[in-house]
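# Residue-level structural notes
Next come the chains, spelled out residue by residue.
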Amino acid sequence: MSAAESPPHRITVLAGGIGGARFLRGLLIAAGPDSEITVVGNTGDDIWIHGLRVCPDLDTVMYTLGGGISEARGWGREDETFTVKDELARYDLEPSWFGLGDRDIATHLVRTQMLNGGYPLSAVTEALCARWQPGVRLLPMSDDRAETHVVIDDPDGARDTTGDPLRRAIHFQEWWVRYRAEPCAHDFVLVGAPDARPGPGVIDAIEQADVVLLPPSNPVVSIGTILQVPGIVDALRRTSAPVVGISPIIGGRPVRGMADACLAAIGVAVDAGAVARHYGARRALIPAGAPADGLLDGWLVDTSDADAISAVQALGIACHAVPLWMSDLDTTVTIAQAALDVADDVRQGS
Ligand code: GDP
Ligand code: CA
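Now for a look at the structure at hand. Quick caveat: nothing in here was measured; it's all calculated off a predicted structure.

## A short note on the overall build of the protein
Counting its secondary structure elements, the protein contains 13 helices and twelve strands. For the protein, whose C-alpha radius of gyration is 20 Å, the value lies close to the compact-globule estimate of 20 Å for 350 residues. In terms of overall dimensions, the protein has a C-alpha envelope of 60 × 55 × 40 Å along the principal axes. With 350 residues in all, the protein has 53% of them scored as buried. Nonlocal contacts in the protein, meaning residues at least 24 apart in sequence, comprise 69% of its contacts between residues at least 6 apart.

## Digging into helix H5 (residues 121-132)
Since there are 3.6 residues in each turn of an α-helix, residues three or four apart along the chain are aligned in direction. Look at H5: 16 Å from first C-alpha to last across twelve residues, which is about the 16 Å you get at 1.5 Å a residue. Those residues of H5 lying buried are Leu121, Ser122, Val124, Thr125, Leu128, Cys129 and Trp132. The arc that holds every buried residue of H5, seen down its axis, measures 155°, which confines them to one face. For H5, the exposed residues set more than 90 degrees away from the buried face come down to Glu126, Ala130 and Arg131. Gln133, located one to two residues past H5, shows a positive phi value of around 45°.

## Section: the sheet that holds strand E5 (residues 137-140)
Strand pairing in a sheet relies on backbone hydrogen bonds, with the paired strands running either antiparallel or parallel. Spatial strand order, E5-E2-E1-E9-E10-E11-E12: seven strands in an open sheet with parallel pairing. Strands with a single pairing partner mark the edges of an open sheet, and in this sheet they are E5 and strand E12 (318-321). Ignoring strand direction, the axes of neighbouring strands in this sheet form an average angle of 20°. Here strand E1 (residues 9-15) pairs with strand E2 (residues 35-41) via seven bridges, running parallel. Looking at E2, one finds that Thr12 is bridged to Thr38.

Reading the values: the criteria
- Residues numbered from 1 in each chain as written.
- Chains lettered and ligands numbered in written order.
- Predicted model: local features only at pLDDT ≥ 70, side-chain atom pairs only at ≥ 80, totals over all residues.
- Heavy atoms only, no water.
- Helix = DSSP H or I, 4+ residues; strand = E, 2+ residues; numbered from the N terminus.
- Rg over C-alpha atoms; globule rule 2.2 N^0.38 Å.
- Buried < 20%, exposed > 50% of the residue type's maximum accessible area, 1.4 Å probe, protein only.
- Contact = heavy atoms within 4.5 Å.
- Expected span 1.5 Å × (residues − 1).
- Arc of directions from axis to C-beta.
- Pairing = 2+ DSSP bridges.
- Axes fitted to C-alpha atoms, helices over the stretch in contact; angles between N-to-C directions.

The quantities given are spatial measurements derived from coordinates; they are silent on function.
Shown next as structure tokens:
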């Protein structure tokens, strides 16, 4: 590197599936070629289906940035067929509610073979990304198995001896895909979390970043899951990089998906300001700059939520309103640029 060249701008993003992936498309352009973007991906949604290891959020990021995503569905491959799924259904093989497309299955076959061969998920993900060239370094939050389960009342109406509904924990995917998040979630449990170690490179990526971004991903079952891997919250609190989040809630609505059902379960209002309060401020206002117990230095809300700004700022979080609906690439680039601008303001102000 010559003296005239500045070092690459290191940006680390904690991402779920569709919201994270769409944001990253804009960020790649806003950040420009001199940036290195590392994505810490949620693996709490991962599941074994028909003997195949499926990583929905990692694949959504990889396919979206690699040009293979189904734009209409937001998951799985474009030009997809479902012949294998149909054939399995003719054997009455369960689970029949999870859509594995024929093209997509190739990804899961590669992944499963490599895992069975002893490779960690991080190495498998790197190998898959060699084909898709997503333009970011995609790191699983952990190589260890830690899967989100949802505590619900028994969907078949079973009751205990006192007549109360029996509670059952089902895999997040069963709740989300099979039941469309309709059964009231009493709790989310990341099974395996206490023993999960951050994946290789994850802690360094947070500690050595120039900027850390929380994209508009689900605060409970995407970012909330990543935050449960021991060590990740500490790294976020320790990093000298500003941490800036983008609200996944616009005008009291979860935009795409069913984040409202998840927020309700943890007692957080479906509201852009409430989500910021849930993440909390990283620095206390008084005494100025002292550590607080939250995660955010900055927060973007949609222009329709501008009335939330003063309450978020009162928490000690820099807050601005910009249009947050990622309707097309240009708008998404503008959102990503606004997040980087907030990070710059925070860095200069501190
Ligand atoms: P998932 O793993 O596929 O559910 O995806 P993520 O967790 O990354 O993101 C899902 C969340 O993204 C949804 O709950 C929405 O709240 C949010 N989201 C989706 N589209 C948009 C958008 O255009 N703008 C904003 N601000 N949030 C969005
Ligand atoms: Ca997900």
